[in-house]
Amino acid sequence: MYLMNRRVLLPLLIAMATAGFSSAVEWYHSSPGGNQGSPLTSGGPEAVGWSLSVENGTDYFDGRESRKLYLDGEMSSSTVYYRRSGRLAAREDLDSSGEILSRVEYVYDKEGIPRAMYITAGEDTLSDLYVESDTAVNPEGTFHRHTGGSFGDWRITDLNQYGQPVARRVLDSGVIAEESFWIRNDKGSLREEIHRSGNEERRSRYDSNGRLLEETTIRNNLVVLVRSYFWTNINLTRVEERGEGHLLVRKMEWSGDRIIHETRSENGVITSQTEWTTPDERVETLFRDGKAVIRIYWRGDTRQREEFLRDGDVIRTREGDV
């Protein structure tokens, strides 16, 4: 009896041991992006359209999952996922011939949160290695630093507790090429923005309602341009731009939430005037030396008619979009 039970039990144990590591292929309808749709009962790819095969070589927690995308029965691409202890450890994207297009390896912190990605594109060479990471800046973890790049080329962004950027540095061959800073209040509302690149710096100031008040461009430590914004409630009604001996002014008039009139001038001399007759139709008049010379009728972004003026009179008309 013992011998008989042993003969029956041994093959059963072997079958149970190997069952968890057997390969099973399942077939599904798919989209061009490889999204898994409804199951296919044919046991293979469809002759027309997109199909997806999913093969699990081992169990989910420690193993490999292969997904192959087919178009009209021919394999288009594939993706292989590698897992360790239930976590995604790596992912490979391959072309139709099986050549690896890219490989991504994931690194987790002690809480199991993904913190870095090592991305290799094309051939597995050091020059192609790309890294992304997310780490805490302060012990409380309220500020995080996101880093992406490879070797001397990096993009480093610090984010506050709301996930908003507060600082960014772009390194080119190990040298800082660009810097950006966002100054915010305790609630995360933007108060000032600073961008530096080469010998140029741009600053933007905002009011307590988040409206843009002023933009300043500084070049070689000298202010070269100042643009000021004026608001009436939520409507922008005036913009002044000073720089290089010029004063450009835009004036806007509103009816409710719709702009109905805009005038532009340079050093006190009018250069253009636009009037909206409907939300989709407007008449634009261009001036030279303060005198109207062209009147353009618009519908949306299409010119309907142009009128050429002299001393306020129409001397020539051109119809249609030109």
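Residues numbered from 1 in each chain as written. Predicted model: local features only at pLDDT ≥ 70, side-chain atom pairs only at ≥ 80, totals over all residues. Heavy atoms only, no water.

Draft legend 1. View of the overall build of the protein. When helices and strands are tallied, the protein shows 1 helix and 25 strands. Here the analysis covers contacts within the protein between residues at least 6 apart in sequence; of these, 8% occur between residues at least 24 apart. Summing over all exposed atoms, the protein offers an accessible surface of approximately 20800 Å²; the carbon and sulfur share of this is 51%. (Helix = DSSP H or I, 4+ residues; strand = E, 2+ residues; numbered from the N terminus. Contact = heavy atoms within 4.5 Å. Areas by Shrake-Rupley, 256 points an atom, 1.4 Å probe, with all protein chains shown as cover.)

Draft legend 2. Main features of the packing of aromatic side chains. All told, the structure shown has 1 aromatic pair when counted by the stated rule. For the ring pair Trp27 and Tyr70, a centre distance of 5.4 Å and an interplane angle of 50 degrees mean the geometry is tilted. In this pair, Trp27 is assigned in strand 1 (residues 24-30) and Tyr70 in strand 4 (residues 63-71), connecting sequence segments 43 residues apart. Each member of the pair, Trp27 as well as Tyr70, is classed as buried. Seen from the ring of Tyr82, Arg103 lies directly overhead, with NZ or CZ sitting 5.7 Å from the centre. Above the plane of the ring of Phe308 lies Arg316, whose end atom (NZ or CZ) is 4.1 Å from the centre. (Phe/Tyr/Trp six-rings, centres within 6.5 Å; stacked < 30°, edge-to-face > 60°. Buried < 20%, exposed > 50% of the residue type's maximum accessible area, 1.4 Å probe, protein only. Lys NZ or Arg CZ within 6 Å of the ring centre and 35° of its normal.)

Draft legend 3. Spatial organisation of unusual backbone geometry. Phi at Asn220 is positive, roughly 55 degrees, even though this residue is not glycine. With respect to the secondary-structure elements, Asn220 resides in the loop between strand 16 (212-219) and strand 17 (222-232). For Asn221, which is not glycine, the phi dihedral falls at a positive 65 degrees. Topologically, Asn221 is positioned in the loop between strand 16 and strand 17.

Draft legend 4. Local environment of the pattern of salt bridges. Taken as a whole and judged by the stated rule, the model has 24 salt bridges. Two residues, Arg227 and Glu241, come together in a salt bridge whose shortest N-O distance is 2.8 Å. With Arg227 in strand 17 and Glu241 in strand 18 (residues 235-243), this pair connects stretches of sequence that are 14 residues apart. Residue class for Arg227 comes out partly exposed when judged on its relative accessible area of 22%. Judged by its relative accessible area of 22%, Glu241 falls in the partly exposed class. (Salt bridge = Lys/Arg side-chain N within 4 Å of Asp/Glu carboxyl O.)

Draft legend 5. Broad picture of the nonpolar core. In terms of nonpolar packing, the biggest core is built from 8 residues, these being Trp182, Leu190, Tyr206, Leu212, Tyr229, Leu236, Val239 and Met252. The residues contacting Leu212, other than those within four sequence positions of it, are Ser204, Arg205, Tyr206, Tyr229 and Trp231. (Core = buried A, V, L, I, M, F, W, Y, C linked by side-chain atoms within 4.5 Å.)

Draft legend 6. Structural context of the confidence of the model for the protein. Overall, the predicted model of the protein reaches an average pLDDT of 83, with 82% of residues at or above 70. Long-range and interchain partners of residues 1-22, a stretch whose pLDDT sits below 50, account for 7 contacts in this model, where long-range means more than four residues apart. (pLDDT = per-residue confidence, 0-100.)

Draft legend 7. Broad picture of the side chain of Ser265. On the secondary structure map, Ser265 appears in strand 20 (residues 258-266). By relative accessible area, Ser265 is classed as buried at 18%. When near neighbours in sequence (up to four residues on either side) are disregarded, Ser265 contacts Leu247, Leu248, Val249, Ile270 and Thr271.

Draft legend 8. Molecular detail of the pairing of strand 17. Relative to strand 17, strand 16 is paired through 6 bridges, and the arrangement is antiparallel. Paired with Thr217 across the strands is Leu225, a residue of strand 17. Counted along the chain from strand 16 to the antiparallel partner strand 17, the turn is 2 residues long, and its residue Asn220 has a positive phi close to 55 degrees. (Pairing = 2+ DSSP bridges.)

Draft legend 9. Spotlight on the side chain of Asn160. Here Asn160 is to be found in the loop between strand 11 (153-159) and strand 12 (165-172). Looking at Asn160, its side chain comes within polar contact range of the main-chain nitrogen of Tyr162, at 2.9 Å. There is a polar contact of 2.9 Å between the side chain of Asn160 and the backbone nitrogen of Gln164. (Polar contact = N/O pair within 3.5 Å; in protein donor to acceptor, adjacent residues only side chain to side chain.)

Draft legend 10. Up close: the pairing of strand 23 (residues 291-299). As paired elements, strand 22 (residues 281-288) and strand 23 share 8 bridges and run antiparallel to each other. Residue pairing in the sheet places Arg288 in a bridge with Lys291 of strand 23. Here strand 23 runs beside strand 24 (residues 302-310); their pairing, made up of 6 bridges, is antiparallel. Bridge pairing in strand 24 places Arg299 opposite Thr302. Connecting strand 23 to the antiparallel partner strand 24 that follows it, the hairpin turn spans 2 residues, and Gly300 within it adopts a positive phi of roughly 65 degrees.

Draft legend 11. The arrangement of the environment of Gly148 in detail. Looking at the element boundaries, Gly148 is found in strand 10 (residues 144-150). It is 9.0 Å that separates the C-alpha atoms of Gly148 and Asp134, two residues lying 14 residues apart in sequence. Residue contacts for Gly148: discarding those within four places in its chain leaves Tyr130, Val131, Glu132, Asp153, Trp154 and Arg155.

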